[in-house]
Amino acid sequence: MIGTSLQGLRIVLVEPSHPGNIGAAARAMKVMGLRHLVLVSPRFFPDPEATALASGAEDILESAQVCTNLDTALQGCHKVYGTSARGRRIQWPASNAREAAGEILADLDTGDCALLFGRERTGLTNAEMDRCQVLVHIPTADEYHSLNLGQAVQVLAYELHMAALTAQPAQDVPAEDVPEQPAPIEDMEGFYGHLQHVLRRSGFLQEIRATRMMRRLRRLFDRARPSQNEVNILRGILTEIERWASKVDRKDQDSL
Ligand code: SAH
């Protein structure tokens, strides 16, 4: 059973260049009951064109959070969805807009989530997509896949609203059956950085395949959805491996 509230969902626009799209996104959100807009390094904001296109949703613009990097935008979220105008990309799990809306609604039961939208010209970078657990695609005609940014926000906001309207109200789950909260994204990023460092040091991770290997490992841990405690255990294991490796290094040097 999933909840019916979209509170806790952030709509994140990454480096939007046209202020009109920011306004259109705000309006698209407000009519569908979404409130939390985050702008990562917008080219122009605030801007009269954004205000004009928001038309009635100025409050969403006024309360929009403006950040200079994605880390700040995602802080405290436990799950990140990214949107892509291109269909299925082999290296990322993918959902269409309708499926994703249901999944997001269910994920919001466990805590805050983010839905990322890319730049008008180039979309999201691979590094930004690596921060997403799921890529969402709005199915389109075969010959042209790319919606205008504001319209893409509208389609997703509509699907989310419909999913919330048709969802069954959450039922009380006995306290002992409530799963541990998944770790927030920033803890997972700290873990991936640590894992990458240890895997490099051990010789396992070779530069030529590092990006793909880390992407696969991210998918593996995404499926496991570790809690904060579990991430702490994993980091504890890595720290002990590092200590042990340093001891081995010292012994090797002593015996030279
Ligand atoms: N040329 C870019 C298109 C960017 S369109 C590309 O190939 O990625 C700007 C943004 O609108 C995209 O980054 C995405 O967030 C959203 N968008 C546009 N069309 C979409 C679609 N069919 N499905 C999902 N998101 C889409």
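To be clear, the structure that these remarks concern was listed above.
Just so you know, these numbers come straight off a predicted model, no measurement behind them.

Engineer: Explain the pairing of strand E1 (residues 9-14) here, please?
Structural biologist: Sheet faces and side chains relate simply in a regular strand, where the side chains alternate between the two faces. Judged by how many residues are buried, E1 sits mostly within the fold: six of six residues are covered. Covered by surrounding structure in E1 are Leu-9, Ile-11 and Leu-13 together with Arg-10, Val-12 and Val-14, the residues of both alternating faces. Across five bridges, E1 lies against strand E6 (residues 113-117) in parallel orientation. Counted as the bridge partner of Leu-9 is Cys-113 from E6. Where E1 meets strand E2 (residues 36-40), five bridges bridge the pair, whose relative direction is parallel. In the sheet register, Ile-11 faces E2, and the bridge partner there is Leu-37. A crossover connection joins E1 to the parallel E2 through helix H1 (residues 19-31); in handedness this β-α-β unit is right-handed.

Engineer: Looking at this structure, I do not really get the sheet that holds E6. What am I missing?
Structural biologist: Sheet strands pair via backbone hydrogen bonds, and the direction of the pair is either parallel or antiparallel. Taking strand neighbours across the sheet as the criterion, the seven strands line up as E3-E2-E1-E6-E4-E7-E5 in an open arrangement whose pairing is parallel. A single partner strand is all that each edge strand has here, and the edge strands are strand E3 (65-67) and strand E5 (94-96). For this sheet, the mean angle separating the axes of adjacent strands, direction not counted, is 25 degrees. Here E2 runs beside E3; their pairing, made up of three bridges, is parallel. Each bridged residue has a counterpart across the sheet, and for Val-38 the counterpart in E3 is Gln-65. Running over the sheet, helix H5 (residues 97-108) touches E1, strand E4 (79-83), E5, E6 and strand E7 (134-137) and is turned about 110 degrees from E5.

Engineer: Please clarify how the site of the ligand should be interpreted in this entry.
Structural biologist: In the region of the ligand, 20 residues are neighbours, and Thr-83, Gly-118, Ile-138, His-145 and Leu-147 sit closest. The backbone of Gly-118 places a nitrogen or oxygen atom 3.0 Å from an oxygen atom of the ligand. A distance of 2.8 Å separates a nitrogen atom of the ligand from a polar atom in the backbone of His-145. Considering the ligand on its own, with 540 Å² of exposed area, one finds that the protein chains cover 92% of that surface. Across the shell around the ligand, the residue classes break down as seven nonpolar, nine polar and four charged.

Engineer: Hey, could you run me through the pairing of E7 in this one?
Structural biologist: Neither face of E7 is exposed, since Val-134 and Val-136 on one face and Leu-135 and His-137 on the opposite face are all buried. Two strands pair when backbone bridges link them, and E5 and E7 are joined in this way by three bridges, in the parallel orientation. Among the inter-strand pairings, Ala-94 is bridged to a residue of E7, identified as Leu-135.

Engineer: Just to check I follow, could you spell out the side chain of Arg-10 for this structure?
Structural biologist: Mapping Arg-10 onto the fold places it in strand E1. Within polar-contact distance, the side chain of Arg-10 engages the backbone oxygen of Gln-75 at 2.8 Å. With residues up to four places along the chain from it excluded, the contact list for Arg-10 reads His-36, Val-38, Ala-73, Leu-74, Gln-75, Gly-76, Cys-77, Asp-112, Cys-113, Ala-114 and Leu-115.

Engineer: Would you explain the pattern of salt bridges in this entry?
Structural biologist: Here the idea is simple: oppositely charged side chains can pair when their charged atoms come close. Evaluation of the coordinates by the stated rule reveals 16 salt bridges. In this structure, Arg-119 engages Glu-128 in a salt bridge whose closest nitrogen and oxygen atoms are separated by 2.7 Å. Accessibility classification places Arg-119 together with Glu-128 in one group, the buried group. Across the pair Arg-201 and Asp-249 runs a salt bridge, and its minimum N-O distance is 3.6 Å. Here the residue Arg-201 occupies a position in helix H8 (residues 185-202), and Asp-249 occupies one in helix H10 (residues 228-254), the gap between them amounting to 48 residues. According to the relative accessible area criterion, Arg-201 is partly exposed, its value standing at 40%. Through salt bridges with shared partners, a single network forms among Asp-71, Arg-131, Glu-189 and Arg-218.

Engineer: Would you mind showing me how to read the packing of aromatic side chains here?
Structural biologist: The geometry of an aromatic ring pair is captured by the separation of the ring centres together with the interplanar angle, meaning the angle of the planes. The final tally for this structure, using the stated rule, is three aromatic pairs. Relative to Tyr-192, the ring of Phe-191 has its centre 5.6 Å away and its plane inclined at 45 degrees; by these criteria the two rings are tilted. For the residue pair Phe-191 and Tyr-192, the accessibility class agrees, reading buried in each case. Their ring planes at 80 degrees and their centres at 4.9 Å tell us that Phe-191 and Phe-221 sit as a pair that is edge-to-face. Of the two residues, Phe-191 is situated in helix H8 and Phe-221 in helix H9 (residues 207-224); the sequence distance between them amounts to 30 residues. An aromatic cluster is present here, built from Phe-191, Tyr-192 and Phe-221 joined pairwise through their rings.

What counts and what doesn't
Residues numbered from 1 in each chain as written. Predicted model: local features only at pLDDT ≥ 70, side-chain atom pairs only at ≥ 80, totals over all residues. Heavy atoms only, no water. Buried < 20%, exposed > 50% of the residue type's maximum accessible area, 1.4 Å probe, protein only. Helix = DSSP H or I, 4+ residues; strand = E, 2+ residues; numbered from the N terminus. Pairing = 2+ DSSP bridges. Right-handed = clockwise from strand over helix to strand, strands pointing away. Axes fitted to C-alpha atoms, helices over the stretch in contact; angles between N-to-C directions. Contact = heavy atoms within 4.5 Å. Near = heavy atom within 4 Å. Polar contact = N/O pair within 3.5 Å; in protein donor to acceptor, adjacent residues only side chain to side chain. Areas by Shrake-Rupley, 256 points an atom, 1.4 Å probe, with all protein chains shown as cover. Nonpolar A, V, L, I, M, F, W, Y, C, P; charged D, E, K, R; others polar. Salt bridge = Lys/Arg side-chain N within 4 Å of Asp/Glu carboxyl O. Phe/Tyr/Trp six-rings, centres within 6.5 Å; stacked < 30°, edge-to-face > 60°.

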